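# Working through the structure, step by step
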Amino acid sequence: METNCTDDPVQDLNNQLCFAVYSTMLGLNKVYRPLLDKLGLTYSQYLVMLVLWRRDELIVSDIGRQLFLDTATLTPLLKRLEARGLISRRRCTRDERQVIITLTEEGRALREAAQALPSCVGSAMKLTPDEMREYRERLLTLRDNLFSSCNCPES
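This is a predicted model, so every value here is computed, not measured.

### With respect to the packing of aromatic side chains
According to the stated counting rule, one finds 5 aromatic pairs in the structure shown. When the ring of Phe68 is compared with that of Phe147, the centres are 4.7 Å apart and the planes differ by 20 degrees; the resulting orientation is stacked. Of this pair, Phe68 sits in the loop between α3 (60-67) and α4 (71-83) while Phe147 sits in helix α7 (residues 129-148), placing them 79 residues apart in sequence. The exposure class of Phe68 is partly exposed, given its relative accessible area of 43%.

### Some details on the packing of helix α1 (residues 17-39) against helix α6 (residues 117-125)
Relative to each other, α1 and α6 sit at 155 degrees, their axes nearing to 10 Å. The orientation of α1 relative to α6 falls into the category roughly antiparallel. Judged by the twist between their axes, the crossing of α1 over α6 is right-handed. Contact residues: α1 offers Leu28, Val31, Tyr32, Leu35, Leu36 and Leu39, while α6 offers Leu117, Cys120, Val121, Ala124 and Met125. Residue classes in the contact of α1 with α6 are distributed as 11 nonpolar, no polar and no charged.

### Digging into the side chain of Thr102
Within the secondary structure layout, Thr102 lies in strand β3 (residues 99-103). Leaving out residues up to four positions away in the same chain, Thr102 has contacts with Asp56, Glu57, Leu86, Ile87, Ser88, Arg90 and Arg108.

### Quick word on unusual backbone geometry
The backbone of Glu57 sits at a positive phi, close to 60 degrees, despite the residue not being glycine. Mapped onto the secondary structure, Glu57 falls in the loop between α2 (43-54) and β1 (58-59). Here Lys126, not a glycine, exhibits a phi torsion of approximately 55 degrees, which is positive. By the element assignment, Lys126 lies in the loop between α6 and α7. Residue Lys126 is classed as exposed on the basis of its relative accessible area, which comes to 72%.

Parameters and conventions
Residues numbered from 1 in each chain as written. Predicted model: local features only at pLDDT ≥ 70, side-chain atom pairs only at ≥ 80, totals over all residues. Heavy atoms only, no water. Phe/Tyr/Trp six-rings, centres within 6.5 Å; stacked < 30°, edge-to-face > 60°. Helix = DSSP H or I, 4+ residues; strand = E, 2+ residues; numbered from the N terminus. Buried < 20%, exposed > 50% of the residue type's maximum accessible area, 1.4 Å probe, protein only. Axes fitted to C-alpha atoms, helices over the stretch in contact; angles between N-to-C directions. Parallel < 35°, antiparallel > 145°, perpendicular 65-115°, else oblique. Left-handed = near helix turned anticlockwise from the far one by under 90°. Contact = heavy atoms within 4.5 Å. Nonpolar A, V, L, I, M, F, W, Y, C, P; charged D, E, K, R; others polar.

Fair warning: the whole summary comes from geometry, so function is off the table for now.
Right, here's the structure in full:
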């Protein structure tokens, strides 16, 4: 029986940038999970809270734009945060199709408890602040390039 093995380095899993990014995110999740468990948040919920801690009273679509999430994905997440008492949702009086998300007192207070997360994650990365900035900038450039165009041949 013949196998379809190849020594082509282009198809080697460990040579794939996408796999390097994916497996790095798995590592980040392992570091974040116990820290976020103490706050009672998932990683996605933490991202929503970061957006709201920076600027409160946003409409759902504004939050979704910042997190690259559509409304259908974001709505159940927001409902869970509301059930936890961290945010409130209300319809906009000018346009009832829009929902405004506001932090509750409990949601604002959680910000203090989350202050240590970035330094804990940074320590786990074992990178200098300059190295972290460089990685972040390169990843943001890569992300922006991917969202702005795809140079892939059509199938």
